[in-house]
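So the chains spell out like this:
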Amino acid sequence: KPIIDVQISLASLEPLGAFKLPIERAGYVHRADNTKRYFRERSGERRTHVHVRRAGSFSEQFALLFRDYLRAHPGRARQYAALKHGLAARYATPEQRHRYVEAKAPSTWETIRLADHWAQATGWEPPPSDA
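Because the structure is a prediction, the values reported are computed rather than measured.

Our next topic: the overall build of the chain. From N to C terminus, the chain includes four helices and four strands. For the chain, the spread of C-alpha atoms along the three principal axes comes to 40 × 40 × 20 Å. Across the 131 residues in the chain, those meeting the buried criterion constitute 29%. Looking at the chain alone, contacts between residues at least 24 apart form 53% of all its contacts between residues at least 6 apart. For the chain, the accessible surface area stands at approximately 8700 Å², while carbon and sulfur atoms represent 55% of it.

The next point concerns the packing of helix α3 (residues 74-90) against helix α4 (residues 97-122). At a minimum axis separation of 10 Å, α3 and α4 run at an interaxial angle of 170 degrees. Between α3 and α4, the angle is such that the two are roughly antiparallel. The residues of α4 that touch α3, namely those facing R76, Y80, L83, K84, L87 and A88, are Y100, A103, K104, S107, T108, E110, T111 and L114.

Turning our eyes to something else, we now look at the pattern of salt bridges. In the structure shown here, the tally under the stated rule is six salt bridges. A salt bridge links E14 to R37, with the nearest nitrogen and oxygen atoms 2.3 Å apart. Of this pair, E14 sits in the loop between β1 (4-10) and α1 (16-25) while R37 sits in strand β3 (residues 37-41), and the two are 23 residues apart along the sequence. A salt bridge links E41 to R47, with the shortest nitrogen-to-oxygen separation between them at 3.1 Å. Relative accessible area serves as the criterion here: at 12%, E41 is assigned to the buried category. The class for R47 is partly exposed, based on a relative accessible area of 38%. Each of R40, E41 and R47 takes part in a single network of salt bridges with overlapping partners.

What follows deals with the packing of aromatic side chains. Under the criterion given, the structure shown has five aromatic pairs. Judged by centre distance (6.5 Å) and plane angle (75 degrees), the ring pair of F19 and F39 falls under edge-to-face. Of this pair, F19 sits in helix α1 while F39 sits in strand β3, and the two are 20 residues apart along the sequence. Per residue, the accessibility class of F19 equals that of F39, and both read buried. These aromatic residues form a ring-pair network of at least three members: F58, F62 and W109.

Turning to the environment of R47, a few remarks are in order. For R47, the position within the fold is in the loop between β3 and β4 (48-54). Residues R47 and F19, spaced 28 residues apart in sequence, show a C-alpha to C-alpha distance of 20 Å. Of note is the side chain of R47, whose polar atom sits 3.1 Å from the side chain of E41.

Definitions and limits used
Residues numbered from 1 in each chain as written. Predicted model: local features only at pLDDT ≥ 70, side-chain atom pairs only at ≥ 80, totals over all residues. Heavy atoms only, no water. Helix = DSSP H or I, 4+ residues; strand = E, 2+ residues; numbered from the N terminus. Buried < 20%, exposed > 50% of the residue type's maximum accessible area, 1.4 Å probe, protein only. Contact = heavy atoms within 4.5 Å. Areas by Shrake-Rupley, 256 points an atom, 1.4 Å probe, with all protein chains shown as cover. Axes fitted to C-alpha atoms, helices over the stretch in contact; angles between N-to-C directions. Parallel < 35°, antiparallel > 145°, perpendicular 65-115°, else oblique. Salt bridge = Lys/Arg side-chain N within 4 Å of Asp/Glu carboxyl O. Phe/Tyr/Trp six-rings, centres within 6.5 Å; stacked < 30°, edge-to-face > 60°. Polar contact = N/O pair within 3.5 Å; in protein donor to acceptor, adjacent residues only side chain to side chain.

Shown next, in the form of structure tokens:
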């Protein structure tokens, strides 16, 4: 099953409790060991990633451009998904997570390079925030 990846943009990432508590009430667990404002599914539930980003930040724009490029280029999206599935099978243990991340990095950066060219050619701009 594919992972559900949710992006939430907020005007401010502080105080953490302002958005942490509602997201936890919705059934997600805050991952304080991560450098991002990041939440995951409860144990035994469908894999879900929830990333919280500051509205208007580079981090938000990067994620939205990546997402919109893949939506506009389904062939590239299928390639990226196949790579991630293959790497997930190859690096299946938590101890190998860093290898998975390192192995997908070249494809991620190539995709964002292509997405940047696409954005320039099409006039893409980040959609209005729903924060």
